[in-house]
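Close look at the chain arrangement
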Amino acid sequence: VTPPRAAGVAGAAETAAVPAAPVHPAAAAAAAPGRQAESPSAARLADVDAGNWHRVIAESDLGGMARTVASHCRPEAAQGEALQLVLQQEHEILYRPQCDERIAAALTARFGHPVAVRVRTGRIEGETPAARAVRIAGERLQQAIAAIEADANVRMLMENFSGTLHRDSITVPELADAGKEEA
């Protein structure tokens, strides 16, 4: 592991990407109310739940607006070959009827049998995959900031050259596959 570079220190390079140790979602879910604990990836449609929906999306060949809509949904019910999803009311404007068809096609390919999908808007309790991704990105950024602030070389530069750490210049690269990073 390479120590973080002095990103955001006056006189040093202005941006740097610092890899942060991933936070295990089950630990985060246990510590935060309103979040459901992680479930193993769904082998069958009947196994799809709010705890593994982010993985199901990541493992499917879903893209574009349909993926965005799916990431703002939580599974409500899976019965037989049908999946009922609830889309957050705030994101209703994203929805188009063809999203049902595209999500169904991706899940059909993922599960290997026909899947019917119905999306309805409603109030969602708990975390959607989109909210989860925002939370994880924020946690990773806080870890990167803490690592840079704790770095002896950064502290030495700041002390010896009257440097200032510009926290808002610190960025963390996105994970290659945000849905599977903690699978």
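Just so you know, these numbers come straight off a predicted model, no measurement behind them. (Residues numbered from 1 in each chain as written. Predicted model: local features only at pLDDT ≥ 70, side-chain atom pairs only at ≥ 80, totals over all residues. Heavy atoms only, no water.)

Looking at the overall build of the protein
Quick reminder of the rule: By definition, any uninterrupted DSSP run of H or I lasting at least four residues is a helix, any uninterrupted run of E lasting at least two residues is a strand, and each is numbered from the N terminus. Residue burial is assigned from relative accessible area. The probe radius is 1.4 Å, only protein chains are included, and a residue is buried under 20% of its type maximum, exposed over 50%, and partly exposed in between. Whether two residues touch is decided by their heavy atoms; if any such pair falls within 4.5 Å, the residues are in contact. With residues, only the protein chains shown are counted as cover, and all accessible areas are computed by Shrake-Rupley using a 1.4 Å probe.
A tally of helices and strands in the protein yields six helices and three strands. Per-residue burial for the protein yields a buried fraction of 40% across its 183 residues. Sequence separation of at least 24 residues holds for 66% of the intrachain contacts in the protein that already meet a minimum separation of 6. For the protein, the accessible surface area stands at approximately 10000 Å², while carbon and sulfur atoms represent 54% of it.

Observations regarding the side chain of D151
Operational definition: Working convention for charge: Lys and Arg count positive, Asp and Glu count negative, and His plus the chain ends are omitted. Salt bridges, as used here, are contacts in which a Lys or Arg side-chain nitrogen is within 4 Å of a carboxyl oxygen on Asp or Glu. Definition of a polar contact: a pair of N or O atoms within 3.5 Å, with one able to donate and the other able to accept a hydrogen when the atoms are protein atoms, and with sequence-neighbouring residues admitted only if both atoms are side-chain atoms.
Within the fold, D151 resides in the loop between α5 (129-150) and α6 (152-160). Buried and unpaired, D151 has no salt bridge, with R155 as the nearest side chain of opposite charge at 7.2 Å. Within the structure, D151 has its side chain in polar contact with the backbone nitrogen of V154 (distance 3.0 Å).

Things to note about the pattern of salt bridges
Counted according to the given criterion, the structure contains seven salt bridges. In this structure, the salt-bridge partner of E149 is R167, at a minimum N-O distance of 2.8 Å. With a gap of 18 residues between them, E149 in helix α5 and R167 in the segment after α6 connect regions that are remote in the sequence. Connected via shared salt-bridge partners are E127, R135 and E139.

Considerations on the confidence of the model for the protein
Atomic detail in the predicted coordinates should be set aside for any region of low pLDDT. Put simply, the rule reads: Per-residue confidence from the predictor is given as pLDDT, running between 0 and 100.
The predicted model of the protein has a mean per-residue pLDDT of 79, with 73% of residues at 70 or higher. In this model residues 1-36 is a low-confidence stretch, pLDDT under 50, and it forms 73 contacts with partners more than four residues away in sequence or in other chains. Within the model, pLDDT remains below 50 along residues 179-183, and this stretch shows 16 contacts once partners closer than five positions in the same chain are excluded.

So, the packing of helix α3 (residues 64-71) against helix α4 (residues 98-111)
Put simply, the rule is: Only the stretch in contact is used when a helix axis is fitted, and all axes are lines through C-alpha atoms; the angle between N-to-C directions ranges over 0 to 180 degrees. Angular relationships are summarised with four words: roughly parallel below 35 degrees, roughly antiparallel beyond 145, roughly perpendicular across 65 to 115, and oblique for the angles in between. In this count, Pro and Cys sit with the nonpolar residues alongside Ala, Val, Leu, Ile, Met, Phe, Trp and Tyr, while Asp, Glu, Lys and Arg are called charged and the others, Gly among them, polar.
The geometry of α3 relative to α4 is characterised by a closest axis approach of 9 Å and an angle of 90° between their N-to-C directions. With respect to each other, α3 and α4 are oriented roughly perpendicular. For the pair formed by α3 and α4, the contact residues are M65, A66, V69 and A70 on the first element and C99, R102 and I103 on the second. For the contact of α3 with α4, the residue count by class is six nonpolar, no polar and one charged.

Quick notes on the sheet that holds strand β3 (residues 116-122)
Strand pairing in a sheet is mediated by backbone hydrogen bonds. Such pairs are either parallel or antiparallel. To keep things clear, this is the line we draw: For two strands to be treated as a pair, DSSP must find at least two bridges joining them.
If you trace the three strands from one edge of the open sheet to the other, you get β1-β2-β3, paired in mixed fashion. The sheet is open, and its two edges are formed by β1 (73-79) and β3, each paired on a single side. On average, adjacent strands in this sheet sit at an angle of 25° to one another, irrespective of strand direction. Relative to strand β2 (residues 82-88), β1 is paired through six bridges, and the arrangement is antiparallel. The residue of β2 that forms the bridge with Q79 is A82. Each of β2 and β3 is contacted by α4, which is oriented at about 135° to β3, the strand it contacts most.

Considerations on unusual backbone geometry
In this structure, S162 takes a positive phi of about 50° despite not being glycine. Here S162 is to be found in the segment after α6. S162 gets classed as exposed once you look at its relative accessible area, which sits at 64%.

Points about the side chain of H54
Following the sequence through the fold, H54 ends up in helix α2 (residues 53-59). Judged by its relative accessible area of 6%, H54 is buried.

Remarks on α6
Measuring from the side-chain oxygen of the N-cap residue of α6 to the backbone nitrogen of N153 gives 2.9 Å; that N-cap residue is D151. Once α6 finishes, S162 follows within two positions and takes phi at roughly 50°, a positive value.

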